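Per-entry structural report
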Amino acid sequence: MKKIIFFDIDGTLFNVPLFISLFHENLIDRFGLTNQDIESLKALYDQVKKEQGYFLPSLFLDKINNNFPFVDREELDKSFHSIDLFEKSVYKDTSNIKSLANLAILGIFSQGDENFQKKKIAFMSSLLDRGNIYIFPNKVNETKQIFDKYIDFDVYLVDNDLSLLLKVRRINPSVKVILIDRSGQFNDNKDIINIKDLNELESVL
């Protein structure tokens, strides 16, 4: 039976805190924002996530522009969407993705703003079929519908959200769920396959 691996993006392939930190550094360098301003930006970031249920870049940038009108909006957009920022924020162990593509079909099962999420996985776009990329505002609601399409596959889902993986397994028991626990937070978890980074994934397949 053919294998397919679905990857979450944030916390699995892409280091969001690093991305936001690098973005803040850019704002300090380019626009002279202070550390106090950055604390305000962190509050705006959290506010957007709370309002939307996920991070929406356009709303975040609007809020920055409203709170810091001296920041040029075009330059702000360029700074946020910098290719360099995205490339630096991809986890180093994603270098293993290419070898995994020799063992299984690769897919994405993620949550958030579709365009923003796709920019984060540009590095692996040549290894993905568009038909296996799923990005939703709330992916839990889509699990049964999506994974039922892959009844003829051994399906693996790699995610850093333990509660989501347990929900997926409850809804679709045939899906093999794998927790990527980069911080070692769930060392004592015995209920689910647990890996520290993507280099361990090959041994699980």
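Above this text sits the structure in question.
Let me begin by describing the structure that accompanies this report. Sequence positions are assigned chain by chain, starting from 1 and proceeding in written order. For this predicted model, a pLDDT threshold of at least 70 governs which residues receive local features, and a threshold of 80 or more governs which side-chain atom pairs are given and counted, while totals over whole chains, interfaces and linings are taken from all residues. Computation of side-chain values: all heavy atoms of the structure, hydrogens and water removed.

1. What about the sheet that holds strand β2 (residues 105-111)?
As a reminder, the rule being used: By this definition, two strands are paired if DSSP reports at least two bridges between them. Here a helix means four or more residues in a row that DSSP labels H or I, a strand means two or more in a row labelled E, and each is numbered from the N terminus. In this analysis an axis means a line fitted to C-alpha atoms, helices contributing only their contacting stretch, and an angle means the value between N-to-C directions, from 0 to 180 degrees.
Across the sheet, which stays open at both edges, the 6 strands sit in the order β3-β2-β1-β4-β5-β6 with parallel pairing between neighbours. In the strand order of this sheet, the two ends are held by β3 (133-136) and β6 (193-195), each with one partner. Taking each pair of neighbouring strands and ignoring which way they run, the sheet shows an average axis angle of 20°. Looking at chain direction, strand β4 (residues 153-159) and strand β5 (residues 176-180) are connected through 4 bridges and run parallel. Each bridged residue has a counterpart across the sheet, and for Val158 the counterpart in β5 is Ile178.

2. Thoughts on helix α9 (residues 162-171)
Applied cut-off: Burial status follows relative accessibility: with a 1.4 Å probe on protein chains alone, a residue under 20% of its type maximum counts as buried, one over 50% as exposed, and anything between as partly exposed. The directions considered for the arc are those from the helix axis to the C-beta atoms. Here, residues are in contact when the closest pair of their heavy atoms is within 4.5 Å.
Residues of α9 that are buried include every one of Leu162, Leu164, Leu165 and Val168, and no others. Viewed along the axis of α9, the buried residues span an arc of 160°, placing them on a single side of the element. Next to the buried residues of α9 lie α8 (143-147), β4 and β5.

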